[in-house]
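Listed here are the chains, written in short residue letters.
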Amino acid sequence: MTANGWFQIGFYLLVIFLLTKPVGIFMTRVFSGEKTFLDPFLRPIERVVYRLTGIDEKHEMRWTEYAIAMLLFSGVSMALLYLIERTQKWLPFNPQKFPNVEPGLAFGTAASFTTNTNWQAYSGESTMSYLTQMAGLAYHNFVSAAVGIVLAIAVIRGIARKETDKLGNFWVDTTRCLLWVLLPICVVGSLVFVSQGVVQNLKPYTTVQLIEPQTVQVTGADGKVTTQAVTQQVIAQGPVASQEVIKEFGTNGGGFFGANSAHPFENPTPFSNFFQLVLIFAIPSGLTYTLGRMTGSQRHGWAVWAAMTFLFFVGVATAYWAEARGNPLLAGVNQNASALHSGGNMEGKEVRFGVANSALFATVTTDASCGAVNSQHDSFTPLGGIVPLINIMLGEVVFGGVGAGLYGVVVFVILAVFIAGLMVGRTPEYLGKKIESYDVKMAMLAILILTFTILGFSAVAIVKPFGTLSISNPGPHGLSQVLYAYVSSTGNNGSAFGGLNVNTMWYNTSTAVAQLLGRFFMIIPVLAIAGNLARKKTVPESAGTFPVTGGLFASLLVSTILIVGALTFFPALSLGPILEHLLMSAGKAF
């Protein structure tokens, strides 16, 4: 570890802190219908959209109506993406003449991008046409992010309102989110990426001659190995910058290239790397301020932010320490940091980013359910790799995905105040609302859905041949690969450990189902909580009311997240990365 590495981590956290209030205020104004500086440009467009679609912007919905609208919108969008993938061979903007995506992969990808997971069992530059990338994948990057944000706003309204069954209008919220929040930043951000060297064009791939021809060994269909000379290389390109910005800002994570943000055409410079990191946390962090402002308790919003920040710092510090100390099995290899060498475990990492930025990126992307990567998590040390795993297992509430992180942490807030109520022997309260058995049941249902989905699919995959045949590293590391696949899918993260062949019928189907369960079966209980809270009266604080605004509440919230979220998966972690670390310390590799 170096002072420079710690400075970069600290500076990043400072920038996020400074962005939290302005982003939170802006989103409050957008979703409260208050005036913003963008209104003169966007209100006319918004009115045209409502006229064309027949939306009554004054109509408000109950939580059930809100949920049905969201499910219908997501279902139609998923079907549209599947259709584009299955017919891309005959559609325009396919200069590479890519064939139609096969059914299993098309279904898995459609489910992945609809749920904001962006799990990719393929390399985009060799599978998807430009039209599929732009009209299919990039479109879902926008709308799936918008769905997450507006659901968080609906939950905040449920907390803030009283004696009503209305949570807003899904169609109005989604329209305003797209026009006011996502599109303006993405237009500017894509130009920033282009200025850094991120590719943005519609040209066919370029074939170039290698300066130094290479020889490779190729295994033929008959099993014979032959040596071939490679004299040319195909340079993939396309509309990358426009997809890159929403991939990060919407915490989607699906890259144009298979190497994702480790590819120089997606992430060419240290500044582009830092800009991507800021985009990932901007909205999730800002929503904590929105929570405080809309509920009338700004201190509560900051308490939630503090709890998230503490968990983030513990995670990034652990990952940085584990990767900076290197691999003890590489005896005789200099792994010390110097002016000419970043030191530590550099396997699977980009030299231009080094250990500190790789550990920071891995922590941020799994905290925020983004899934973008600038290094290979499969190559992390066992303790370095356990951090991304735990981040997602916590329910990705450490800032979390756009919207999803906030309504996810509300579930843990409900449990925290319930536990506090049990401790003091009185009915728990949350910002003046009584927390009753229905609220706690719905909160536990949301958590149990994630747990059963992750452990259930992982259990099947590690005992059946259709699951184990895809593992590249048998032993505890292989278990980590499988566990990470279902943790990432159910948590709607989308990143992968790597080393696991997931482009099979089993993994394409099972991860798609896990993604759908993790997204929609968690949303419904959370919306039910919001609808129930909105109907309640507020009660004045008393001497026995547990405050949700200070350090004590933040500590209880952190403890609840760790106990309920992390310890649920402790046995699986013990058999995976923890066991691998102990064996590595004893001199055994996998």
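Above this text is the structure in question.
Bear in mind that the values here come from a model prediction, so they are computed numbers and not experimental data.

## Topic: the side chain of R43
In this structure, R43 sits in helix α2 (residues 39-53). Since its relative accessible area comes to 19%, R43 is described here as buried. What R43 contacts, discounting residues up to four positions off in sequence, is E57, R176 and W180.

## Structural notes on the environment of F31
Its location among the elements puts F31 in helix α1 (residues 3-32). For the pair F31 and S437, spaced 406 residues apart in sequence, the C-alpha to C-alpha distance is 30 Å. Setting aside its immediate chain neighbours within four residues, F31 contacts I149, V150, I153, R157, D173, C177 and V181.

## Details of the nonpolar core
Grouped together as the largest cluster of nonpolar side chains are 142 residues, with contacts concentrated most on V181, L182 and F312. Per element, the largest residue contribution to this core is 15 residues, and it comes from helix α5 (residues 130-160). Setting aside chain neighbours within four positions, we find F312 in contact with Y12, L13, F281, L360, T363, V364, D367, V398 and F399. Counting 23 residues, the second-largest nonpolar core is a separate cluster that includes A110, Y122, L137 and V502.

## Some points on unusual backbone geometry
Positive phi outside glycine occurs at N118, with the angle close to 60°. Looking at where N118 falls in the secondary structure, it is placed in the loop between α4 (103-114) and α5. A positive phi angle, close to 60°, is found at N260, a residue other than glycine. Assignment of secondary structure puts N260 in the loop between α7 (241-249) and α8 (270-295). Here N260 falls in the buried class, since its relative accessible area comes to 5%.

## Thoughts on α1
Helix length check: α1, at 30 residues, gives a terminal C-alpha distance of 44 Å against a target of 44 Å (1.5 Å per residue), a fit within 8%. Following α1 by one or two positions, G33 has its phi on the positive side, about 75°.

## With respect to the packing of helix α11 (residues 382-393) against helix α15 (residues 476-490)
At a closest axis distance of 9 Å, the pairing of α11 and α15 adopts a crossing angle of 35°. Between α11 and α15 the crossing geometry is left-handed. Taking contact as the criterion, the partners of P388, L389, I392 and M393 in α11 are, on α15, L483, Y484, V487 and S488.

## Quick look at the state of the cysteines
Two cysteines form a disulfide when their sulfur atoms are joined by a covalent bond. Overall, the coordinates contain zero disulfides when judged by the stated rule. Looking at the unpaired C186, the closest cysteine sulfur is the one in C177, lying at 10 Å. C186 gets classed as buried once you look at its relative accessible area, which sits at 4%. The cysteine C370 is free of any disulfide, with C186 supplying the nearest cysteine sulfur at 12 Å. On the basis of relative accessible area, C370 is assigned to the buried category, the value being 0%.

## Quick word on the packing of aromatic side chains
Applying the stated criterion across every chain, the model contains 31 aromatic pairs. Ring geometry for F281 against F399: centres 4.6 Å apart, planes inclined by 40°, an arrangement best described as tilted. Note that F281 is positioned in helix α8 and F399 in the loop between α11 and α12 (404-424), a separation of 118 residues in sequence. Note on accessibility: F281 and F399 belong to one class, buried. Here a set of aromatic residues connected by ring pairs shows up, and it is made of F7, F11, Y12, F17, F274, F281, Y289, W302, W305, F312 and F399. A cation over a ring is seen here: R176 above W180, with NZ or CZ 4.1 Å from the ring centre.

So, how was this worked out
- Residues numbered from 1 in each chain as written.
- Predicted model: local features only at pLDDT ≥ 70, side-chain atom pairs only at ≥ 80, totals over all residues.
- Heavy atoms only, no water.
- Helix = DSSP H or I, 4+ residues; strand = E, 2+ residues; numbered from the N terminus.
- Buried < 20%, exposed > 50% of the residue type's maximum accessible area, 1.4 Å probe, protein only.
- Contact = heavy atoms within 4.5 Å.
- Core = buried A, V, L, I, M, F, W, Y, C linked by side-chain atoms within 4.5 Å.
- Expected span 1.5 Å × (residues − 1).
- Axes fitted to C-alpha atoms, helices over the stretch in contact; angles between N-to-C directions.
- Left-handed = near helix turned anticlockwise from the far one by under 90°.
- Disulfide = S-S within 2.5 Å.
- Phe/Tyr/Trp six-rings, centres within 6.5 Å; stacked < 30°, edge-to-face > 60°.
- Lys NZ or Arg CZ within 6 Å of the ring centre and 35° of its normal.

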